[in-house]
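Observations on chain architecture
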Amino acid sequence: MAIETEGLLSTIRDRSVDTEFYLPLPAGYKPGQTKYVVVVGTVMSGLGKGIFSSSLAKCLQDKGLAVAPIKFEGYLNIDSGTLNPYRHGEVFVLDDGTECDMDLGTYERALDQDLTKLNFCTSGQIFRRVLDRERHGGYLGRDVQMIPHVTGEVKNRLRELAVASHADVVFVEIGGTVGDVENAYYIEAMRQLAFEEGQRSVCFVALTYVMEPASLGEQKSKPAQLGIRELMERGIQPHIIACRAVNPVVHKVREKIALFSNVAPEHVISMHDCESVYLIPDMLRGAGCDKAVIDWLGLAERADDEAERRARETWSGYVNGLRNASRQVTIGVAGKYTSVRDAYASIIKAFEHAGVRLGARVQLRWIDTSELDDSNVAAALEGLHGLVVPGAFGTRGAEGKIACIRHARTSGLPCLLICYGFQMAVIEYARNVCGMQDANSTEIDNDCRYPVINLLPEQLRVESLGGTMRLGGQDVVINEGTWAWRMFGPRARQRFRHRYEVDPRYIADLEAAGLVFSGRSPRAPIMHFLELPPAVHPYFVGTQAHPELTSRPLSPHPFFVGLVHAALRLADPAYDQPLPFDAPPPARIAPNIETASQSSR
Ligand code: GLN
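Residues numbered from 1 in each chain as written. Predicted model: local features only at pLDDT ≥ 70, side-chain atom pairs only at ≥ 80, totals over all residues. Heavy atoms only, no water.

Glancing now at the overall build of the protein chain. Scanning the protein chain from terminus to terminus reveals 19 helices and 21 strands. Here the protein chain has a C-alpha radius of gyration of 26 Å; the compact-globule value for 601 residues is 25 Å, and the two agree. C-alpha atoms of the protein chain, sized along the principal axes, occupy 75 × 60 × 45 Å. A total of 601 residues make up the protein chain; the buried ones form 56% of that total. Here the analysis covers contacts within the protein chain between residues at least 6 apart in sequence; of these, 74% occur between residues at least 24 apart. Looking at charge distribution, the protein chain has the averaged site of its 64 positive side-chain charges lying 1 Å from that of its 73 negative ones. (Helix = DSSP H or I, 4+ residues; strand = E, 2+ residues; numbered from the N terminus. Rg over C-alpha atoms; globule rule 2.2 N^0.38 Å. Buried < 20%, exposed > 50% of the residue type's maximum accessible area, 1.4 Å probe, protein only. Contact = heavy atoms within 4.5 Å. Lys, Arg positive; Asp, Glu negative; His and termini not counted. Charge placed at Lys NZ, Arg CZ, Asp CG, Glu CD.)

Next up on the list: the pairing of strand β1 (residues 35-41). For β1, a buried count of seven out of seven residues is recorded, marking the element as mostly surrounded by other parts of the structure. Burial of β1 is two-sided: the residues Lys-35, Val-37, Val-39 and Gly-41 facing one way and the residues Tyr-36, Val-38 and Val-40 facing the other way are all buried. Inspection of the sheet shows β1 paired to strand β6 (residues 169-174) by five bridges, in the parallel sense. By the bridge assignment, Val-39 is partnered in β6 with Glu-173. Bridge count for β1 against strand β7 (residues 202-209) is six bridges, and the pairing is parallel. Within β7, the position partnered with Val-38 by the bridge is Phe-204. (Pairing = 2+ DSSP bridges.)

Per the stated rule, a full pass over the model turns up two cavities of 30 Å³ or more. Roughly 40 Å³ of volume is contained in the second largest cavity. Around the second largest cavity, the lining residues are Tyr-75, Ser-80, Leu-83, His-88, Gly-89, Glu-90, Val-91, Cys-100, Asp-101 and Met-102. Split by residue class, the lining of the second largest cavity holds five nonpolar, three polar and two charged. (1 Å grid on protein atoms, 1.4 Å probe; cavity = no way out; pocket = protein on both sides within 12 Å on 5 of 7 lines; lining within 4 Å. Points joined across faces, edges and corners; volume = space filled by probe spheres on them. Nonpolar A, V, L, I, M, F, W, Y, C, P; charged D, E, K, R; others polar.)

Once that is clear, we can look at the sheet that holds β6. To summarise the sheet geometry, strands pair through backbone hydrogen bonds and adopt either a parallel or an antiparallel arrangement. An order of β5-β2-β6-β1-β7-β8-β9 is seen for the seven strands of this open sheet, with the pairing classed as parallel. The sheet is open, and its two edges are formed by β5 (120-122) and β9 (268-272), each paired on a single side. Going across the sheet, the axis of each strand differs from the next one's by a mean of 20°, ignoring polarity. Against the sheet, helix α8 (residues 222-233) engages β1, β7 and β8 (240-245), with an angle of about 150° to β7. Sitting on the sheet, helix α11 (residues 289-297) is in contact with β1, β7, β8 and β9, with an inclination near 150° to β7. (Axes fitted to C-alpha atoms, helices over the stretch in contact; angles between N-to-C directions.)

In this section: the site of the ligand. All residues in the neighbourhood of the ligand are listed as Gly-391, Ala-392, Phe-393, Cys-419, Tyr-420, Gln-423, Glu-443, Arg-497, His-498, Arg-499, Tyr-500 and His-546. Separating an oxygen atom of the ligand from a backbone N or O atom of Tyr-420 is a distance of 3.1 Å. The protein chains hide 99% of the 300 Å² of surface that the ligand would expose on its own. If you list the elements that add at least two residues to the shell around the ligand, you get α16 (420-432) and β17 (491-498). Classifying every residue of the shell around the ligand gives five nonpolar, four polar and three charged. (Near = heavy atom within 4 Å. Polar contact = N/O pair within 3.5 Å; in protein donor to acceptor, adjacent residues only side chain to side chain. Areas by Shrake-Rupley, 256 points an atom, 1.4 Å probe, with all protein chains shown as cover.)

Among the secondary structure elements, Asp-96 is positioned in the loop between β3 (92-93) and β4 (99-100). Lys-117 is the oppositely charged side chain nearest to the buried, salt-bridge-free Asp-96, at an N-O distance of 5.0 Å. For Asp-96, the side chain forms a polar contact with the side chain of Thr-98, separated by 2.7 Å. (Salt bridge = Lys/Arg side-chain N within 4 Å of Asp/Glu carboxyl O.)

Right, let's get into the packing of α8 against helix α9 (residues 251-261). Running from N to C, α8 and α9 point in directions that differ by 25°, and their axes come no closer than 10 Å. Between α8 and α9, the crossing angle belongs to the class labelled roughly parallel. As for how α8 packs across α9, the hand of that crossing is right-handed. Of the residues in α9, those in contact with Ala-224, Gln-225, Ile-228 and Met-232 of α8 are Lys-256, Ile-257, Phe-260 and Ser-261. (Parallel < 35°, antiparallel > 145°, perpendicular 65-115°, else oblique. Left-handed = near helix turned anticlockwise from the far one by under 90°.)

By the secondary structure assignment, Val-502 is in strand β18 (residues 500-502). With a relative accessible area of 0%, Val-502 lands in the buried category. C-alpha separation for the pair Val-502 and Gly-235, spaced 267 residues apart in sequence, amounts to 56 Å. Setting aside anything within four residues of it in sequence, one finds Val-502 in contact with Phe-422, Val-426, Val-452, Ile-453, Ile-507, Leu-510, Phe-517 and Met-527.

With that settled, consider helix α7 (residues 184-197). The terminal C-alpha atoms of α7 lie 20 Å apart, and with 14 residues this matches the ideal 20 Å at 1.5 Å per residue to within 8%. Along α7, the positions that sit buried rather than exposed are Tyr-185, Tyr-186, Ile-187, Glu-188, Ala-189, Met-190, Gln-192, Leu-193, Ala-194, Glu-196 and Glu-197. (Expected span 1.5 Å × (residues − 1).)

Per the counting criterion, the structure on display carries 44 salt bridges. Three or more residues are tied together by salt bridges with common partners; here these are Lys-58, Asp-62, Lys-63, Asp-282, Arg-285, Asp-290, Glu-308 and Arg-312.

As a further point, take the side chain of Gln-225. Inspection of the secondary structure assignment puts Gln-225 in helix α8. Take Gln-225: its relative accessible area is 8%, and that puts it in the buried class.

Our next topic: the confidence of the model for the protein chain. Model confidence for the protein chain is summarised by a mean pLDDT of 92, while 93% of its residues fall at 70 or above. In the model, residues 583-601 has pLDDT below 50 throughout and makes 60 contacts with residues more than four positions away in sequence or in other chains. (pLDDT = per-residue confidence, 0-100.)

And the structure:
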C-alpha cells in the first residue's frame, strides 16, 4: 500500500500513443481532485452495503463535500430492466431513463440527488464496451484481456463519473461479496486505481459480519477475519472495517479483527442492528468513521462544520417526526408481488415520507388481488383508510384490481393509482361509467372491443425487451383547478416506465363521463394524470408515472401526501389539518432529456 505513485497518472495522461497497460484518462480528468471511497462486502451478501455506503456518503455530503455514488453490479445484464422484481427487488428508474438496481433509489433518497446512467454499471456494460471497441479495431491488433482492458474500462467509468459530477468523493459500491467470481475483476480494478491515483486517494472500507451463534452466546470473528484475509490476498488493505452484527461488537472482538487485518482498532467499528436506517449516519459519526475517511483522504480542508451542523439538525427533525407520529392510518396495497416487500421498496418509502410530513404513521396492508371480484372485494378492503394500486405487468390479478378500484370509486375510499393501477382505473371507468362493457388493455386482451389502454405508437416498432419502454423523466402539463394543479402548479416532472397508454380515441368519451385527465404530455396526447373532482370523490388520483420514485424524505411526493391526508380525514372526521400544498413550490423541472432508447413523446 505504501508505494509512492505520484507522477504515475501524469505519465499516463501525457503520453501521446497508447501504452501497453493504460487507457487514456477521460478528457478533463484532474488527478487528485476527486478521491474515492470503495466499499466491499465480505462473509455474505445482504448486509446492507447500499444503506451503509449511502449513509457514509451522506456523512461526507453533510460536511459540504460533493459526493457521487456508483454501484458496480457483477451480473451480465446491461441494466435491471429485464430483471424480475420478485427475485431482485424493484427496478428503479432514473430521470435519464436508466433502469437500475433499487440501491440507486436508496442513494437518491439519502443524498436527495438525481442520479444518471453514470452512477450505475454492470459487467454487461463493461464487456459490451470492450467488445464494441474490439469490433471497431480499437485494440490495434492486440489480444484483449481482463487486465488491462476490462479493468481499464472499470477505472474509466469511475473517472468519467468524477469528471461529470465534479465530486470531491466518488463512492464506489462493489456488488456481491469478495471471493465471488463475478466481482473479482472489479476488485482488481480498485487495487489498480489505488496504485495509480496514489495511496491517499482511495479509502477502502470492508463491510463484514460478526456472528453470534445462539448456542455459544458470544461473538465470533473468524468468518470476518477470513473475509478480510481474502480481500488482502487480492492486494487490498482495508483502512476501515465496519462490522455488521446483531448486537454492538465488543472491544475484544474488534481488537482481534484489527490484529488480523492491520487495521487500527479504532477503525474497526461496530455497525450493529439499530431501530432505523436513518440513525446510521449518526452511528457512523459516533464511531469516527467519517473522520477516518476524511483524514485518510486529506479532505479536512474541504469540510464545513457549520454546514454539517445544519444538515444534522434537519435530518434529526425528520427522524423525530418518524418516531413521534401521533396518528395512524392503514392503507391497502393491491399488488401481485405482495410476498416480497423489496418489490415495493420505493412505495413503502414514499408512504413513510408522506406520513412524516403529516405527523402520521402509515400502516400498509398487502392485498393479493388474484382471488378478488365484485362479490368479495368489500370484505377484503374492510377497515382501510386508503388504497394504492401500484405498477405491474401482465394479466394476473388485473380483474381483482379493477374490482378494488370500482369499490374505492363508488364507496369514497381514497385511492392512488400508479401506472398499471392508473390503466386499470381507466378500464374500470370505461366499463362501469361509460358503458363500454368489454373495455380492457391490449396487454391483457388483444381482441377486446374497447382497447382503452393500448400500446404506445412507438412501441409497435420495438422488438427487443431491455430498455425499450417509455422510460425516465417527462414533463407534465397540468390543468388549472385540479388536485394536480394544487399540488404542482402548471407543470411537473415525473418518471415513467410503461409500454401502454390511454388510447387517445377514447379520451373524449371518458372525459365527457366525468373522468378528469389533469396532466398530460406537452408533446403528444399521452395522459399522465387522472382524477375525480373533490365534489365527486374525496381522493381519486392516478398517474401513468411512478411518483414513488421521486419521493424524498424532505420532499415527499404530493400524490402520497394527498392520499395520506385523505386517509386521515376518513379515519377521523374531526381531522382538520390543511393540505400542505396550497402554495405549491415551483415544480422541479429538469432539462428535457430524451431517453436513449426511445423517441419519447
Ligand atoms: N404494464 C403496463 C405498461 O407497460 C404498466 C407498467 C407499469 O406499471 N410500470 O404500460
